[in-house]
Amino acid sequence: MARLLSNSSRVVRKITQQLSDFQRGVLSNCSREVRMASSVGHTNRLINEKSPYLLQHAHNPVDWYPFGQEAIERAKRENKLIFLSVGYSTCHWCHVMEKESFADEEIARVMNENFINVKVDREERPDVDRIYMSFVQLTSGGGGWPMSVWITPDLRPIMAGTYFPPVDRWGQPGFRTILLRMANKWKKDFAELEGFSSSVLVAMEQSLAMEGIESDDLGIEDKFRECVKIYKSRFDGVWGGFGHSPKFPEVSRLNFLLHAFLHSGIFLNKPDEELFRTVSYTLEKICHGGIHDHVFGGFSRYSVDQKWHVPHFEKMLYDQAQLMTILCNCYRVRPKKLFLDVADRVFDYLCSDLRESRAFFSGEDADSFPTHVSPEKIEGAFYGWRQAEIEDAFVDNAEKFAGFSFNALEVFLHHYNVKENGNVDRKSDPHGHLESQNILMITGSLQKTADHFKIPVEELQKMLNIANNFLHEIRSKRPRPHLDVKMVCSWNGLVLTGLSKLASLHESSVQEAAAKSAGELYNFIREEFFDCQSGKLKRVCYKKSEEASSNTPIYGFLDDYAFVIRGLLDFYEFSLQQNVLEFAHELQSIQDKLFWDSDKGGYFYTEANSDHLIVRMKEDYDGAEPSGNSMSVKNLILLSSYYDCGDFREKARRTLKHFSGMSVFGYALPEMMSSALIFDTGVNEIVIVGPENQSTDEFVKMIREFYIPGLTVFRVNTDAPKDFAKIKKDTYKMVNDLPTVHICFNQMCLPPETSVENVRKILAEKYSSRPN
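All of the points below concern the structure found in this document.

Conventions adopted
Residues numbered from 1 in each chain as written. Predicted model: local features only at pLDDT ≥ 70, side-chain atom pairs only at ≥ 80, totals over all residues. Heavy atoms only, no water. Phe/Tyr/Trp six-rings, centres within 6.5 Å; stacked < 30°, edge-to-face > 60°. Buried < 20%, exposed > 50% of the residue type's maximum accessible area, 1.4 Å probe, protein only. Helix = DSSP H or I, 4+ residues; strand = E, 2+ residues; numbered from the N terminus. Lys NZ or Arg CZ within 6 Å of the ring centre and 35° of its normal. Pairing = 2+ DSSP bridges. Contact = heavy atoms within 4.5 Å. Axes fitted to C-alpha atoms, helices over the stretch in contact; angles between N-to-C directions. 1 Å grid on protein atoms, 1.4 Å probe; cavity = no way out; pocket = protein on both sides within 12 Å on 5 of 7 lines; lining within 4 Å. Points joined across faces, edges and corners; volume = space filled by probe spheres on them. Nonpolar A, V, L, I, M, F, W, Y, C, P; charged D, E, K, R; others polar.

A look at the packing of aromatic side chains
Here's step 1: One pass over the structure, following the stated rule, counts 42 aromatic pairs.
Here's step 2: Centre to centre, the rings of Phe 394 and Phe 401 are 5.1 Å apart; their planes meet at 5°, and the pair counts as stacked. Of the two residues, Phe 394 and Phe 401, both sit in the buried class.
Here's step 3: Ring centres of Tyr 572 and Phe 724 lie 6.3 Å apart, and the angle between their planes is 50°; on these two criteria the pair is classed as tilted. Taken together, the positions of Tyr 572 in helix α20 (residues 558–575) and Phe 724 in the loop between β20 (711–717) and β21 (740–745) put the pair 152 residues apart, joining distant regions of the chain. For the pair formed by Tyr 572 and Phe 724, the shared burial category is buried.
Here's step 4: Three or more aromatic residues link up through ring pairs in this structure, and these residues are Phe 224, Tyr 231, Phe 235, Phe 242, Phe 256, Tyr 281 and Tyr 667.
Here's step 5: When the ring centre of Tyr 65 is taken as origin, the NZ or CZ atom of Arg 45, which lies over that ring, is 3.7 Å away.
Here's step 6: Across the ring face of Trp 145, the terminal group of Arg 122 is positioned such that the distance to the ring centre comes to 3.8 Å.

Shown next as structure tokens:
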């Protein structure tokens, strides 16, 4: 979506200008009158929905509809514009607009009299969200949530924005004013807007069109060099990450750079250490920053400042999953205890606060009540600390520090940069919600603090663990942020990858628990997310107590399949359970049937003939989550190797070819760029042959130590050999009756190895700088 105008014609630019002119007209010459009132006692249609976001609006005086046929038919029958409001339950500014506008009686009256009002949870219906967000970006160059769009009864957009204040302020129109102007425009200039909306659709279709390159040469080396150059130029050498503020983890880019480091010797003649430092230094700063919850674990969505200090406090499942994965992978390349410790704490947070039985909820809100008697929620209330609170907590728990030779409180305050008047810059807190509060942040490091106070690192870490444990107990008594109990299929697929990576590390303090959780999540995906009757994945699941049998399932979109297949491939790599790989193969075949573009290549986001969608999109940007197309390329490459399937590899090639025409391909699609490296340099195949015993298991455990981006791995049990995928039971043999490993790099096979240390040395030379 970020590339909307990169391939546009003059027609698109002209219509885009017309759109901008129209919207500026709607937003000008506005009145400033608005009256606030209470909305207590109302109940609308959203009360019958399962989405926490929709239920948050079920008592608005607005006559809300969920997105669907009923609302559309009424809009056509009454010839009214649809006001489409899109958000999600942990969105701070969605809460603000709900409180200011949708709960206001007068604004609701204007909405009800003039529009058919529709609410959409973007996490339930990302298909609807992506279409209209593309319109927002086309007309404004930006986007975000809440998203506010006015559309015709046949669903063509004509006006859009994000958050609107209720009244005119600072020369900008308020929401009530815009509503009245849109209603008046529709009544007076209906025919004009109908024609205008047709032009909008043309502009959207043309801006979303993409022509792949004609040449069979994908130009991967040139794209690699271009991409690496851009990342190096944008890298923040002081605080890590890219650019200034706000700062997002951008894990897809870190994943690519870690892969690029391992492959840089191929294209650049020697490994580029700067690439590894970019990843490692960024992760270190993120782990040290306030974006990381030092008291218990987990990460906030992003930081509003450049140094990762003051977060936007919502904690989303997809961020936890991706950061856990990159921390584990970076640790595998070069072990750094910080990364593994933080990954372990992410796991603890997931299991404690986001888990429902075997799967995981969507996330936690940024806002919460400061106290149990507070009338209003504010952002970050759950996470801030006054220095006096910390001091009192240390006094109450003084006996726990009896064995230490240093002043625990003094060291703690220094280590986390705690200040008497708070450590939050006012520029990062424009509403004053964090005044006199501290957001814990490490400005140095564990070693620097230990050196400063001349104490052993081990003693320092022990003290910090004790302190954070009792601070967590104290904080748990505060009003918790809202929990979105929706379980999203694609995000649970990302978690399955993260759990599999963590379970692969024997140094992890939670390895066994992570392995158990991965297995349970796999079973949940197979039993709950996969609908056997339809043969499709479901987009969302809810708590059993909240399931409503009258609701038709929302079936999965491209990213649900792509992310789950990736999770299955990673879980298979850890578990070597054949049924896991077979399920991945089954889902890939279903994905190809539902979403593949046989004409131009690549995958559409939605199924053909989906209801109420004006365009069929292809995602082409790796943002907070990688795109389904990017994830699919690697999935196809690996499955083509596992099953010796030329069709899967051809689909990978055609997808790469389709998107390769994009400018700055590797920067817009870093996950796909990473997959392109595997496509270009080949898959690495490892076959472990031996009986079910400890000696064979040693090879399996050792191989798990390494991050190998394009790995396919088989285990052949000589006690009960059988055909599996492309492996024939009699193809691979043991040497001298010893467990044996067969290694092939890009279809070039090395002599079989029976020594664990020899295999470790071979892999270390290519994939790690660990000591042999």
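And the narrative resumes.
What to know about the sheet that holds strand β19 (residues 684–690)
Sheet strands pair via backbone hydrogen bonds, and the direction of the pair is either parallel or antiparallel.
Here's step 1: Taking strand neighbours across the sheet as the criterion, the four strands line up as β20-β19-β21-β22 in an open arrangement whose pairing is mixed. Since the sheet does not close on itself, it has two edges, and those belong to β20 and β22 (748–749), each with one partner.
Here's step 2: As judged from the seven bridges shared by β19 and β20, these two strands associate in the parallel manner. Across the sheet, Gly 690 pairs through a bridge with Asn 717, a residue of β20.
Here's step 3: Across the face of the sheet, helix α26 (residues 694–704) comes into contact with β19, β20 and β21 while running at roughly 160° to β19.

What about the sheet that holds strand β5 (residues 157–161)?
Here's step 1: As summarised here, the arrangement of the five strands in space is β1-β3-β2-β4-β5, forming an open sheet in which the pairing is mixed. Where the open sheet ends on each side, the last strands, each with one partner, are β1 (64–66) and β5. When the angles between neighbouring strand axes are averaged without regard to direction, this sheet yields 25°.
Here's step 2: Packed on one face of the sheet, helix α4 (residues 92–102) meets β1, β2 (81–87), β3 (115–121) and β4 (147–151) and runs near 140° to β2.

What to know about the pairing of β2
Here's step 1: Among the seven residues in β2, seven count as buried, and that is most of the element.
Here's step 2: Residue alternation in β2 divides its side chains into two sets, Leu 81, Phe 83, Ser 85 and Gly 87 and Ile 82, Leu 84 and Val 86, and both sets are buried.
Here's step 3: Two elements, β2 and β3, share seven bridges in a ladder whose sense is parallel. Bridging across to β3, Leu 81 finds its partner in Phe 115.
Here's step 4: Relative to β4, β2 is paired through five bridges, and the arrangement is antiparallel. By the bridge assignment for β4, Ile 82 is matched with Ile 151.

With respect to empty space enclosed by the protein
Here's step 1: Inspection of the entire model under this criterion finds eight cavities of 30 Å³ or more.
Here's step 2: Forming the boundary of the largest cavity are 25 residues, of which Asn 255, Thr 325, Thr 497, Arg 566 and Lys 634 lie nearest the centre.
Here's step 3: For the lining of the largest cavity, the secondary-structure elements that each account for two or more residues are α10 (251–268), α12 (317–333), α18 (489–503), α20, α22 (628–643) and α25 (670–681).
Here's step 4: Class assignment of the residues belonging to the lining of the largest cavity gives a composition of eleven nonpolar, seven polar and seven charged.
Here's step 5: Roughly 110 Å³ of volume is contained in the second largest cavity.
Here's step 6: Along the wall of the second largest cavity there are 15 residues; nearest its centre are Gly 290, His 292, Asp 293, Tyr 383 and Ile 439.
Here's step 7: The residue makeup of the lining of the second largest cavity, split by class, is eight nonpolar, four polar and three charged.

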